[in-house]
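Results of the structural survey
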Amino acid sequence: MKSVQQEIDERTNLTNTNKFELLLFRLGADANGEHSELYGINVFKIREIVAMPPVTAVAGSQPHMLGVVNLRGQIIPVMDLPAIVGVTPKTGLNIMLVTEFARTTQAFAVESVDEIVRLDWSQVLTAEGSNATGMVTSIARLDGDTSGTRLAQVLDVETILRRMVPAEGKDVDPESIGPKLMLKQGSFILAADDSVVARNLIEQGLQAMNAPFVMTKSGKEAWDKLNSIAEGCKAEKIAIEDRVALILTDLEMPEMDGFTLTRKVKQDPRFSKIPVVIHSSLSGKTNEDHVKGVGADAYVAKFVAEDLAETIRRVLHKPAA
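The paragraphs below set out a description of the structure included in this document. Since the structure is predicted, the reported quantities are computational estimates derived from the model, not experimental observations.

Calculation notes
Residues numbered from 1 in each chain as written. Predicted model: local features only at pLDDT ≥ 70, side-chain atom pairs only at ≥ 80, totals over all residues. Heavy atoms only, no water. 1 Å grid on protein atoms, 1.4 Å probe; cavity = no way out; pocket = protein on both sides within 12 Å on 5 of 7 lines; lining within 4 Å. Points joined across faces, edges and corners; volume = space filled by probe spheres on them. Nonpolar A, V, L, I, M, F, W, Y, C, P; charged D, E, K, R; others polar. Core = buried A, V, L, I, M, F, W, Y, C linked by side-chain atoms within 4.5 Å. Buried < 20%, exposed > 50% of the residue type's maximum accessible area, 1.4 Å probe, protein only. Helix = DSSP H or I, 4+ residues; strand = E, 2+ residues; numbered from the N terminus. Axes fitted to C-alpha atoms, helices over the stretch in contact; angles between N-to-C directions. Parallel < 35°, antiparallel > 145°, perpendicular 65-115°, else oblique. Left-handed = near helix turned anticlockwise from the far one by under 90°. Contact = heavy atoms within 4.5 Å. Phe/Tyr/Trp six-rings, centres within 6.5 Å; stacked < 30°, edge-to-face > 60°. Pairing = 2+ DSSP bridges. Expected span 1.5 Å × (residues − 1).

For the rest of this paragraph, the subject is empty space enclosed by the protein. Counting across every chain of the model gives 4 cavities of 30 Å³ or more. Quantified by volume, the largest cavity comes out at close to 190 Å³. Looking at the lining of the largest cavity residue by residue, the classes come out as 7 nonpolar, 6 polar and 8 charged.

Here it is as structure tokens:
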């Protein structure tokens, strides 16, 4: 039997192996009272799981905002996740998931929690194009690449939060970004993020900085793109750094996460001089320590456009070692 410390060590080291843990839960049935599907959220975003406490309704709240709770001295907004997704819980809202991401704390009411599963990011495929709401960022194949595998929908909680809290969904203000970024002629920033909302905000920020960019939707797509660019640079007999000025990557992405992408970049002699900035909603000292461990040049928590712009400028203007 594993000790508590062994469990902690294994969980902490998941980022070294392109693995992560997914909390599986259920929200309820569809309009016909059927198909209580599995949903998932990265365990690193979960602060705690508690039985549903009494909720105080707040006057003038957005639809599907249940209200607030006082949890250990902190007032936390609670959202009705089944209502947001469009399903009906059979037994009620029984569990509250308290989450921390994107510099905020909030809670989601759900019907039930199933289990925590450990997966490789290669078991997770993008859901873009397969759903109309944009609330599902990817599909996890829980039993691997086998016929009939159980599937779980990984919710894009950042998109849900920005839809529920209008102040969180504002566009980037170009006037607040600061000085334009002066990149070498012909060079650009290679960015990777699987969230439609995040990509839109990143693109707005980079455009406001006057920074050319190439946007990708996963770590694997960014890695493949980087190798393709390297082949082109080799043919032109120019350094890869003359094309890719910086790599900006999310952490949670289907097929290959940002930790693995960063590690591959920094361990490859062709790319090791390219600065890497990790831009993620996974905040906290543990994740920042992981960022340092894989060799990233900087970490910035989502999403404050001014902070992202300042971090990119600082990294690009840092004297060579």
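On we go.
Here the focus is the nonpolar core. Grouped together as the largest cluster of nonpolar side chains are 25 residues, with contacts concentrated most on Phe 25, Leu 81, Leu 155 and Ile 160. Broken down by secondary-structure element, the contributors of at least two residues to this core are strand E1 (19–26), strand E2 (38–42), helix H2 (81–85), strand E6 (95–101), strand E7 (104–110) and helix H3 (157–164). Top contributing element to this core by residue count: H3, with 4 residues. By size, the runner-up hydrophobic cluster in this structure holds 23 residues, among which are Ile 189, Leu 246, Ala 305 and Leu 308.

Packing of helix H5 (residues 219–236) against helix H6 (residues 258–267) brings their axes to within 9 Å, and their N-to-C directions diverge by 20 degrees. Judged by the inter-axis angle, H5 sits roughly parallel to H6. The two elements H5 and H6 meet at a crossing, and its hand is right-handed. Taking contact as the criterion, the partners of Gly 219, Ala 222, Trp 223 and Leu 226 in H5 are, on H6, Leu 261, Lys 264 and Val 265. Broken down by class, the residue content of the contact of H5 with H6 amounts to 5 nonpolar, 1 polar and 1 charged.

Moving on, we come to the packing of aromatic side chains. Tallying each qualifying case throughout the model produces 3 aromatic pairs. Geometrically, the ring pair formed by Phe 25 and Tyr 39 is stacked, given 6.3 Å between the ring centres and 20 degrees between the ring planes. Here Phe 25, found in strand E1, pairs with Tyr 39, found in strand E2; they are 14 residues apart in sequence, far enough to count as distant. For Phe 25, a relative accessible area of 2% corresponds to the buried category. Using a relative accessible area of 5% as the deciding quantity, one classes Tyr 39 as buried.

Let us now look at the pairing of E6. In terms of burial, E6 is a largely internal element, 6 of the 7 residues being buried. Relative to E6, strand E3 (residues 46–51) is paired through 5 bridges, and the arrangement is antiparallel. Each bridged residue has a counterpart across the sheet, and for Ala 51 the counterpart in E6 is Ile 95. Where E6 meets E7, 7 bridges bridge the pair, whose relative direction is antiparallel.

Over its 13 residues, helix H4 (residues 196–208) extends 18 Å from the first C-alpha to the last, a length consistent with the 18 Å expected when each residue adds 1.5 Å. Among all positions in H4, only Ala 198, Arg 199, Leu 201, Ile 202, Gln 204, Gly 205, Leu 206 and Ala 208 are buried. Directly after H4, the chain includes Asn 210, whose backbone phi takes a positive value near 65 degrees.

Our focus in this paragraph is the sheet that holds strand E10 (residues 136–141). The 6 strands are arranged E8-E1-E2-E11-E10-E9 in an open sheet whose pairing can be described as mixed. Sheet topology places strand E8 (112–120) and strand E9 (124–126) at the edges, where each strand pairs with a single neighbour. In this sheet, adjacent strand axes meet at a mean angle of 35 degrees when their direction is disregarded.

What the 5 strands build is an open sheet, ordered E13-E12-E14-E15-E16; its pairing is parallel. Pairing within the sheet leaves two strands with one partner each, and these edge strands are strand E13 (213–216) and strand E16 (298–301). Sheet twist, expressed as the average angle between the axes of neighbouring strands with direction ignored, equals 20 degrees. As paired elements, strand E15 (residues 276–280) and E16 share 4 bridges and run parallel to each other. Note that in E16 the partner of His 279 across the bridge is Val 300. Relative to E16, helix H8 (residues 305–316) is tilted by about 175 degrees, and along the sheet it contacts strand E12 (188–192), strand E14 (244–249), E15 and E16.

With that settled, consider unusual backbone geometry. With an omega dihedral of -25 degrees, the bond running from Lys 302 to Phe 303 counts as a cis peptide bond. As for its placement among the helices and strands, Phe 303 is situated in the loop between E16 and H8. The phi dihedral of Arg 72 is positive, around 50 degrees, even though this residue is not glycine. Assignment of secondary structure puts Arg 72 in the loop between strand E4 (65–71) and strand E5 (74–80). In this structure, Asn 210 is a non-glycine residue whose phi angle is positive, near 65 degrees. With respect to the secondary-structure elements, Asn 210 resides in the loop between H4 and E13. In this structure Asn 210 comes out as partly exposed when scored by relative accessible area, which is 47%.

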